[in-house]
Amino acid sequence: DQERLAGELFCFAIILDIGFEALLRPSEMYNVTIGRLRVPPSRRHRRSRRHILERYWRVGSVHIPRPKTFRSFGRSQFATFKGRRPRRWAAWVMPDVPRGLRVFPGSGRRFAYLFSVMMCKFGLEDYYTLGCVRPGGATAEYMRSRDATKVRFLGRWKTDVILNTYLQEAVASYMAVE
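Here the structure is a predicted model, which means the values were calculated and not measured.

About the cut-offs
- Here the residue numbering is sequential within each chain, running from 1 through the sequence in written order.
- Local features in this predicted model are restricted to residues of pLDDT 70 or higher, and side-chain atom pairs are both shown and tallied only at a pLDDT of 80 or more, whereas totals for entire chains, interfaces and linings draw on every residue.
- Hydrogen atoms and water are omitted, and side-chain values are computed over all heavy atoms in the structure.
- Strands are runs of DSSP state E lasting at least two residues, helices are runs of H or I lasting at least four, and both sets are numbered from the N terminus onward.
- We call a residue buried when its accessible area falls under 20% of the maximum for its residue type, exposed when it is over 50%, and partly exposed in between, using a 1.4 Å probe and counting protein chains only.
- Note on contacts: a residue pair is in contact if any heavy atoms of the two residues lie within 4.5 Å.
- For the area figures, the Shrake-Rupley method with a 1.4 Å probe applies, and any residue is considered shielded solely by the protein chains shown.
- Angles shown run from 0 to 180 degrees and are taken between the N-to-C directions of axes, each axis being a line fitted to C-alpha atoms and, for helices, limited to the stretch in contact.
- Roughly parallel means an angle under 35 degrees; roughly antiparallel means over 145; roughly perpendicular covers 65 to 115; every other angle is labelled oblique.
- Amino acids outside the nonpolar list (Ala, Val, Leu, Ile, Met, Phe, Trp, Tyr, Cys, Pro) and the charged list (Asp, Glu, Lys, Arg) are all regarded as polar, and Gly is one of them.
- Here, a strand pair is defined by DSSP locating no fewer than two bridges between the strands.
- Here the arc refers to the set of directions running from the helix axis out to each C-beta atom.
- In the sections that follow, a salt bridge refers to a side-chain nitrogen of Lys or Arg positioned within 4 Å of a carboxyl oxygen of Asp or Glu.

Asks: Describe in detail the overall build of the protein, supporting the description with residues and values.
Replies: Counting its secondary structure elements, the protein contains nine helices and three strands. The buried share among the 178 residues of the protein stands at 38%. Taking all contacts inside the protein whose residues are at least 6 apart in sequence as the whole, residues at least 24 apart take part in 62%. With the model as given, the accessible surface of the protein reaches about 11,400 Å², and the carbon-plus-sulfur share is 56%.

Written as structure tokens, this is what we have:
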């Protein structure tokens, strides 16, 4: 049972990191399957033409088949992530898991439970919920790039008003902890 919990927590950490970097909604995070996750090829596969974009752009992507914003951006969307750590973790775990299986093996309720337990362990349960991951990722990307249009595109937000709301919530949460 301990081994199963350790594996579940490991997968939880990987998908939470990808969700933060790719600005995924909570429901999109725990539904990511191995077949929908793409990362740059390893060094031994770099000569393949199939991976030419990933090789030069150094981004990973998550295919989102039924997104919330399908009316604005289409029925099939992709979220990208550039962080080296989530790309390496995903590339490491992908070969061992069949394509149709989800990266996080539990349910959405279990995912939310693990997040709340983690926040309780850190004493942050009053400040953060699973819904803070996406605004936090958006704020981190904005602080790196200082480009709101880029953050809006990466997060697949329809208008700047919605993006500004997310950024304001994240800044307010950050100020509350300080």
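Asks: Summarise the packing of helix 1 (residues 2–22) against helix 7 (residues 133–145); cite the residues concerned and give the values.
Replies: Between helix 1 and helix 7, the shortest axis-to-axis distance is 7 Å and the interhelical angle comes to 55°. Taken together, the axes of helix 1 and helix 7 lie oblique to each other. Counting all contacts with helix 1, which are made through L16, G19, F20 and E21, the residues of helix 7 involved are V133, G136, G137, A140 and R144. Looking at side-chain class alone, the contact of helix 1 with helix 7 contains four nonpolar, three polar and two charged residues.

Asks: Quick rundown of the sheet that holds strand 3 (residues 77–81)? Include the residues and the values.
Replies: Hydrogen bonds between backbone atoms are what pair the strands of a sheet, whose relative direction is either parallel or antiparallel. Strand order in the open sheet formed by three strands is 1-2-3, and the pairing between neighbours is antiparallel. The sheet is open, and its two edges are formed by strand 1 (37–38) and strand 3, each paired on a single side. Sheet topology note: the strand 1/strand 2 (residues 60–64) ladder contains two bridges and is antiparallel. Note on strand 2: the bridge partner recorded for L37 is V62.

Asks: Quick rundown of helix 5 (residues 84–93)? Include the residues and the values.
Replies: All of the buried residues in helix 5 are P86, R87, A90 and V93. When helix 5 is viewed along its axis, its buried side chains cluster within an angular range of 140° and face the same direction. Exposed side of helix 5, more than 90 degrees from the buried face: R84, R88 and W92 are the residues found there. Where helix 5 is buried, its residues meet helix 1, strand 1, strand 2 and strand 3.

Asks: Any details on the pattern of salt bridges? Residues and values, ideally.
Replies: Across all of its chains, the model carries eight salt bridges by this definition. One salt bridge connects R152 with D160, and the closest N-O pair in it is separated by 3.4 Å. The partly exposed category is assigned to D160, whose relative accessible area is 39%. Three or more residues are tied together by salt bridges with common partners; here these are E21, E141, R144 and K150.

Asks: Give me the lowdown on the environment of S76, citing residues and values where you can.
Replies: With respect to the secondary-structure elements, S76 resides in the loop between helix 4 (70–73) and strand 3. When residues no more than four places from it in sequence are discounted, the contact partners of S76 are H63, I64 and P65.

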